[in-house]
Amino acid sequence: MESSDVELDLQRSVQAVLRELSAQAPALQSNQGMWRWSLHKKVERDPGKSPVLVRILLRELEKAESEDLRHVIIPLLHTLLYVLTKATGITEELYRRTYKFCTRLLTLPAPYCTVALDCAIRLKTETAVPGTLYQRLVIAEQNLTSELYPYQERVFLFVDPELVSPSVCSALLLEIEAAQVHQTPEACMRHVVSHTLQAALGDTCHASALQRKLKASPRRALERYFHAVVAAVEQMASEPNPSREGHLERLEEIYCSLLGPAAAARGSCCGDPLQDPQPSIPLPSPHITFHLWTDEEQLWKELVLFLRPRSQLRLSADLEALDLQGLWPDRELARASMLSTDSGIERDLPAGADELPVPGSPELERAGLQRKGGIKKRVWPPDILMPACWDGPQGLHRRTGMPSGDGELLPGVSRLHTARVLVLGDDRMLGRLAQAYHSLRKRETQKFCLTPRLSLQLYYVPVLAPEEPASCRHSELRELATFLGRADPWYQNTVNTLCPAIHKLAEMPPSLDTSRTVDPFLLDVITYYVRMGTQPIYFQIYTVRIFRDLSQDPTEDIFLTELKVKIQDSKFPKDGFSPRRKGAAEGPGAELSICYQKALLSHRAQEVTGSLRATGLVLKALPTSDTDGSGPTHTPPSAAPVTDHTCLNVSVTEVVKSSNLAGRSFSTVTNTFRTATIQIQSQDQRLLTLLLDKDSRRTYRDVVRFEVAPCPEPCSGAHRSKAPWLGSHQPEVDRTKAKPKPLLMPINTFSGIVQ
């Protein structure tokens, strides 16, 4: 195909992707996500098209910048970065143009500047050291051993077998296993060496001869070449001002050692890309483990097993006591400090204090057993009670930003592991995820062991059961997915459209022919999501205290999306604790006393109390399209949305009594209000039934009273306690005036919330 035909074909594909982002026609929505996938497949099958596609995407980005078409900027940026990660043969001029464009976007508001900054940081290293992004991605995802880049990643795919059909589970498992059969460590090391050399040397690299040589090399020789390439890339990337010329010289030496000086010279002189087509170097899919979620503690157990192989690496002396097997109290994490009597002035030192002790002397033995005088200061982060890597913003899931990256949360402890937890299901599955997340955070307050070493990223792919009877039931079970689609159009286009494709895959008969190559659409889209979805949206978790007997302690639970209240037909026993009020009219529903904190933009406390007769209530934590300004439109909303505080949307079906000539009659009317906290108690011997997160397995019956409030961060509540790392003589730390931080669960998207 001629170059003009190639460019025209790629241009049409890019325009189709852009039309998907702007069109609302059902005909186009049915195939959303396919154009992006087919665009990447065209470049994957013919790597020579990558520079052409990069120029087209850059041209479209510059056009969007000049015409202020912001809704296409983030999707085009993600597409461009994904192409640059896998491509070889990209000129330095294209890298620099892309980097300069990203720096210009830093003047835009969030999330555009946030995504642009992330891309600019990656491109700066890739420009000076080509092949860095691909190499680091493969090493981390495939858990290849490398001392210079010791990071590891794993994707945990969780499916609830009671919510997702067995055919869907088996189809996904077969696709994952089929893709990972050929991803052996030897194959991944060959891909890394070949890609790095081609990305740096360009047309002077004889790609076909190089790949033949690598396939014929024994494992020990392959490992030697792999470590040499990784060392060349990482050492150059770690320099303050990396030199592209110096990097090329080192890789040319490795290239010559592989093919020999004569073959390398022939490749540099006769490497005509038209006569010798550039072979494709696949980007292996990440290491994905498939789990049927049957145990509440399963997430914790899998994360511990992920850390166990290297749990003892790069630990400071202060954290060696953090054994993953048990849960010790917080006070055992700290050491007693020693107060120094040294004035710090040199002339005050005793005679001979600066002289080294004689080997074998008692002074040397004592020095090995005790410290010199001084205060051993423990450098804890200021928000140790709420670790920074899982911290979110104050308010209603509104601030987006960069996820917790690599680095050190505590001195001497490197966060080498990244766990990408992907859940498939509907709002009921997210309720289970919120329970597991809350349980995990409570464990971290008892034992601070996962947070310093692990970066936890959460992802969500909506999958609905096909046997649900009505379409309205489908919309009820995917409210959070609908919100994510309104907040992030690229999530709507890429992820929310997977549900029909997943069911089609489940209906297809399994293919037993492993010889032919099959393009796994679902796995490719999931891989794209977990790699490029780096911007979290935070969701408030709510706690509910449930009283079945007012004289006993309540039961506590949490919910993420919805709490539904129904009135039972049964009544209290005669000796119940909530007798019916005098004058309460008999009729449908129950007489309820309600006390709630009104949600105001001014954040002033305004408590409202009252009583009414109702047939039911619904408490929703997610804003609807008419109450939230971040809808699917890309223009700024006319009115500022309620986004700076935590609130529940409460809908009460109230019973209205009316009298006429025919007698007394009752009608219902729905009233709505917003609140931060609410307490409801039945007054006329009617019991309540609570349904959490639309999950029938989480139903509470015979409820007299319940209280709902934002779930606080574990161990961040407003109470008086003593800091565990202080000595017994230290005064207590009074935290009675401190407002507890809310527990927010992040779910990663491509851009966060686009206003």
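Right above here is the structure, for reference.
Keep in mind that this is a model prediction, so the values were computed, not measured.

**Q** Would you mind showing me how to read the pattern of salt bridges here?
**A** Oppositely charged side chains can pair when the atoms bearing their charge come close. For the coordinates displayed, the defined rule picks out 35 salt bridges. With a closest N to O distance of 3.0 Å, Asp68 and Arg70 form a salt bridge. On the accessibility criterion, Arg70 (28% relative accessible area) is partly exposed. Each member of the salt-bridge network shares a partner with another, and the members are Asp160, Glu162, Arg432, Asp695 and Arg697.

**Q** Could you clarify how one ought to interpret unusual backbone geometry in this entry?
**A** A negative phi angle is the norm for most residues apart from glycine, just as the trans form is the norm for most peptide bonds. Residue Pro111 is bonded to the preceding Ala110 through a cis peptide linkage, with omega at 5 degrees. Here Pro111 is to be found in the loop between helix H6 (92–104) and helix H7 (112–128). Non-glycine residue Asn143 carries a positive phi angle of around 55 degrees. In this model, Asp702 sits at a positive phi of 60 degrees, which is unusual for a non-glycine residue. Within the fold, Asp702 resides in strand E16 (residues 699–703).

**Q** So what exactly am I meant to see when it comes to the packing of helix H10 (residues 185–201) against helix H11 (residues 207–216) here?
**A** Any two packed helices are characterised by the angle at which their axes cross and by the distance between the axes. Contact geometry of H10 with H11 gives a least axis separation of 10 Å together with a crossing angle of 155 degrees. One finds that H10 runs roughly antiparallel with respect to H11. Seen from above, H10 lies across H11 with right-handed handedness. Counted together, Arg190, Val193, Ser194, Leu197 and Gln198 of H10 and Ala207, Leu210, Gln211, Leu214 and Lys215 of H11 form the full contact between these two elements. Residues that form the contact of H10 with H11 fall into these classes: five nonpolar, three polar and two charged.

**Q** Would you take a moment to explain the side chain of Glu234 for this structure?
**A** Note that Glu234 resides in helix H12 (residues 219–237). A relative accessible area of 7% places Glu234 in the buried class. With sequence-adjacent residues up to four places away left out, Glu234 is seen in contact with Gln135, Arg136, Leu148 and Tyr149.

**Q** Looking at this model, I keep getting lost on the environment of Arg55. Mind explaining?
**A** With respect to the helices and strands, Arg55 occurs in helix H4 (residues 50–66). Residue Arg55 is classed as partly exposed on the basis of its relative accessible area of 37%. Taking C-alpha positions, Arg55 is 9.5 Å from Leu80, a pair spaced 25 residues apart along the chain.

Calculation rules
- Residues numbered from 1 in each chain as written.
- Predicted model: local features only at pLDDT ≥ 70, side-chain atom pairs only at ≥ 80, totals over all residues.
- Heavy atoms only, no water.
- Salt bridge = Lys/Arg side-chain N within 4 Å of Asp/Glu carboxyl O.
- Buried < 20%, exposed > 50% of the residue type's maximum accessible area, 1.4 Å probe, protein only.
- Helix = DSSP H or I, 4+ residues; strand = E, 2+ residues; numbered from the N terminus.
- Axes fitted to C-alpha atoms, helices over the stretch in contact; angles between N-to-C directions.
- Parallel < 35°, antiparallel > 145°, perpendicular 65-115°, else oblique.
- Left-handed = near helix turned anticlockwise from the far one by under 90°.
- Contact = heavy atoms within 4.5 Å.
- Nonpolar A, V, L, I, M, F, W, Y, C, P; charged D, E, K, R; others polar.

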